[in-house]
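Structure assessment
What follows is the residue order along each chain.
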Amino acid sequence: MASVTLSPDGSFITLETDAGTNRFHAIWLRDNALDAATRALGNGQRLIALRDIPADTHFTAATVDADGLTVTFAPEGKTVTFPLDWLAAHNYDRAAPATRGWTGPQIACWDSGLMGAVPIGDFTELVQGGRALRDWLGQVNRYGFGKVVNGPVEEGALFKIVDLFGYVRDTNYGKHFEVRTEVNPTNLAFTGLGLQAHTDNPYRDPVPSVQVLYCLESSAAGGENMVVDGFKAAQRLRDENQAYFDVLANHCARFEYAGEAGVCLTARRPMIELAPDGELIGVRFNNRSLAAVTDVPFDQMATYYAAYRRLGEIIDEETMEVTFRLDPGEGFVVDNTRVLHARKGYSGEGKRWLQGCYADKDGLRSRYDAMTREMQEAAE
């Protein structure tokens, strides 16, 4: 049986339901009122500004029944009903996270144990939309990457991957870039040596949040693609040495690229990025693009470099990596704010041709959330 009580001054209510006890402020509920005068019915956008709500807003009455919580606001004299499931989903009366570097329930951190469960989508099914696409997008959101198989072997096919969820992001490299390797052990320039796991373009602000790599030719042995969960690596560093985690999160690194005429890209961001409440929201790691670090105090610089070294060691461990081979007509999508990618070295002779491009994960998340909402509404 649900119940509700008013605070003595009417500034908040205490709601007790089977889900627990939660408090809500009058100003918060008024700002989030679901009525047609406050929110547009079509898109949910707010129709009023905070200046339109009296600063002394308080409750004069509150009841709860099967229809939800009904409250009356003064001095407006406005009565609004809130569904109980909406209140449960938007509850903010909870304890603050105890540790920095936490991730929400929608994120699953992983290591090499994910090798047998790599998120894979069949291109012929994904382009049909529906549950196959929704579920694959959900896995990309959850794990930070996903593989695509059975795609066309044709130039520009990677754009069809992006079309599944969003739009290509142009950069100084153009709409896409070529990754061609001719493996010839007699020439050190073309030995196909492995690359350390990294995030792309940390020198951009904002950084491209999605990268797509698509294989068109691969005749050389080896050269497997590798991904590492940067969130898992950061949390391991935190659990080993809190001071190391804190110094990389508390101080900005500087990244730079000026490798072509008319281009000088710079960004100032921490290697481990946290939201104000400590949520882990980004990792930037790219030794090739790291500029001189000048934003760390003198007495912290030795610790900073020790932490940077240890984070790199964790990233390099085989127990952290998931590997898979890309054959022609296959590609993968990676969350470039979280998951590092790399390539193993080649053995023998042959060629490898990939095309890559960038996109942004707001489109990926939007497509997934919209599809999920549509399916839920259809099932009701």
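The numbering scheme is per chain: residues are counted from 1 as the chain's sequence reads. Where totals are concerned, whole chains, interfaces and linings use all residues; where local detail is concerned, this predicted model gives features only for residues with pLDDT of at least 70, and gives and counts side-chain atom pairs only at 80 or more. Side-chain metrics in this entry use all non-hydrogen atoms of the structure; hydrogen atoms and water are not considered.

**As for the sheet that holds strand β5 (residues 68-74)**
Let me state the cut-off plainly: Here a strand pair is declared whenever DSSP counts at least two bridges between the two strands. Only runs of H or I of at least four residues qualify as helices and only runs of E of at least two qualify as strands under DSSP, and these elements are numbered from the N terminus. Orientation is described by axes fitted as lines to C-alpha atoms, over the contacting stretch for helices, and by angles from 0 to 180 degrees between their N-to-C directions.
Across the sheet, which stays open at both edges, the three strands sit in the order β4-β5-β6 with antiparallel pairing between neighbours. Two strands close off the open sheet at either side, each with one partner strand: β4 (58-65) and β6 (78-82). Neighbouring strand axes in the sheet, compared pairwise and without regard to direction, differ in orientation by 20° on average. Here β4 pairs with β5 via seven bridges, running antiparallel. Bridge pairing in β5 links F59 to F73.

**Details of the pairing of strand β13 (residues 225-229)**
Heads up, the rule is: Under the scheme applied here, a residue whose accessible area is under 20% of the maximum for its type counts as buried, over 50% as exposed, and between as partly exposed, the area being computed with a 1.4 Å probe on protein chains only.
Judged by how many residues are buried, β13 sits mostly within the fold: five of five residues are covered. Alignment of β13 against strand β18 (residues 321-324), held across four bridges, turns out to be antiparallel. Bridging across to β18, M226 finds its partner in T323. Pairing geometry for β13 and strand β20 (residues 339-343), over five bridges, is antiparallel. Its bridge partner lying in β20, D229 is registered against V339.

**Things to note about the environment of R30**
Test applied: Every residue pair with non-hydrogen atoms within 4.5 Å of one another is taken to be in contact.
Considering the arrangement of structural elements, one finds R30 in helix α1 (residues 26-31). Residue R30 is classed as buried on the basis of its relative accessible area, which comes to 4%. Note: C-alpha distance between R30 and L265 (235 residues apart in sequence) is 44 Å. Ignoring anything within four residues of it in the chain, the contact list for R30 reads T38, I48, I53, T57, F73, E76 and K78.

**So, the sheet that holds strand β1 (residues 3-6)**
A sheet is described by the order of its strands in space; here three strands give the open sequence β1-β2-β3, paired in antiparallel fashion. Every interior strand has two partners, whereas the edge strands, β1 and β3 (20-25), have only one. Between one strand axis and the next, the sheet turns through 20° on average, direction left out of account. Sheet topology places β1 next to strand β2 (residues 12-17); four bridges connect them, and they run antiparallel. Its bridge partner being in β2, L6 is matched across the sheet by I13.

**What about unusual backbone geometry?**
Here the bond from A74 into P75 is cis, since omega is 5°, no more than 30 degrees from zero. With respect to the helices and strands, the residue P75 is situated in the loop between β5 and β6. Looking along the chain, the bond that leaves D205 and enters P206 is cis, with omega of 5°. With respect to the helices and strands, the residue P206 is situated in the loop between β10 (195-198) and β11 (210-218). Even without being glycine, N150 reaches a positive phi, approximately 65°. In this structure, N150 sits in the loop between β8 (145-149) and α5 (158-162). Its identity is not glycine, yet N201 carries a phi of approximately 55°, on the positive side. Looking at where N201 falls in the secondary structure, it is placed in the loop between β10 and β11.

**Comments concerning the packing of helix α7 (residues 242-250) against helix α8 (residues 298-316)**
For any two helices packed against each other, one specifies the crossing angle of their axes together with the interaxial distance. For clarity, the threshold we go by: Put simply, angles under 35 degrees are roughly parallel, angles over 145 are roughly antiparallel, angles from 65 to 115 are roughly perpendicular, and the rest are oblique. Polar here means any residue outside two lists: the nonpolar Ala, Val, Leu, Ile, Met, Phe, Trp, Tyr, Cys and Pro, and the charged Asp, Glu, Lys and Arg; Gly therefore counts as polar.
At a closest axis distance of 9 Å, the pairing of α7 and α8 adopts a crossing angle of 105°. When the interaxial angle is binned, α7 and α8 end up roughly perpendicular. Contacts between α7 and α8 involve Y244, V247 and L248 from the former and Q300, T303, Y304, A306, A307, Y308, R310 and L311 from the latter. In the contact of α7 with α8, the residues fall into eight nonpolar, two polar and one charged.

**Observations concerning the state of the cysteines**
Worth spelling out the cut-off: Disulfides are defined as pairs of cysteine sulfur atoms found within 2.5 Å of each other.
Taken as a whole and judged by the stated rule, the model has zero disulfides. The thiol sulfur of C215 is not disulfide-bonded, and the nearest other cysteine sulfur, from C357, lies at 15 Å.

**Some words on the environment of L114**
Relative to the helices and strands, L114 is located in the loop between α2 (84-89) and β7 (120-122). Residue classification places L114 among the buried residues on the basis of a relative accessible area of 8%. Excluding its chain neighbours within four sequence positions, the residues that come into contact with L114 are Y143, F145 and V322.

**Concerning the side chain of Q211**
Operational definition: Here a polar contact means two N or O atoms within 3.5 Å. Within protein one must be a hydrogen donor candidate and the other an acceptor candidate, and residues neighboring in sequence count only if both atoms are side-chain atoms.
Tracing the sequence through the fold places Q211 in strand β11. A polar side-chain atom of Q211 sits 3.1 Å from a polar atom in the side chain of D200. In this structure Q211 touches F177, D200, F332, V333, V334, N336, H341, C357 and Y358, once residues within four positions along its chain are discounted.

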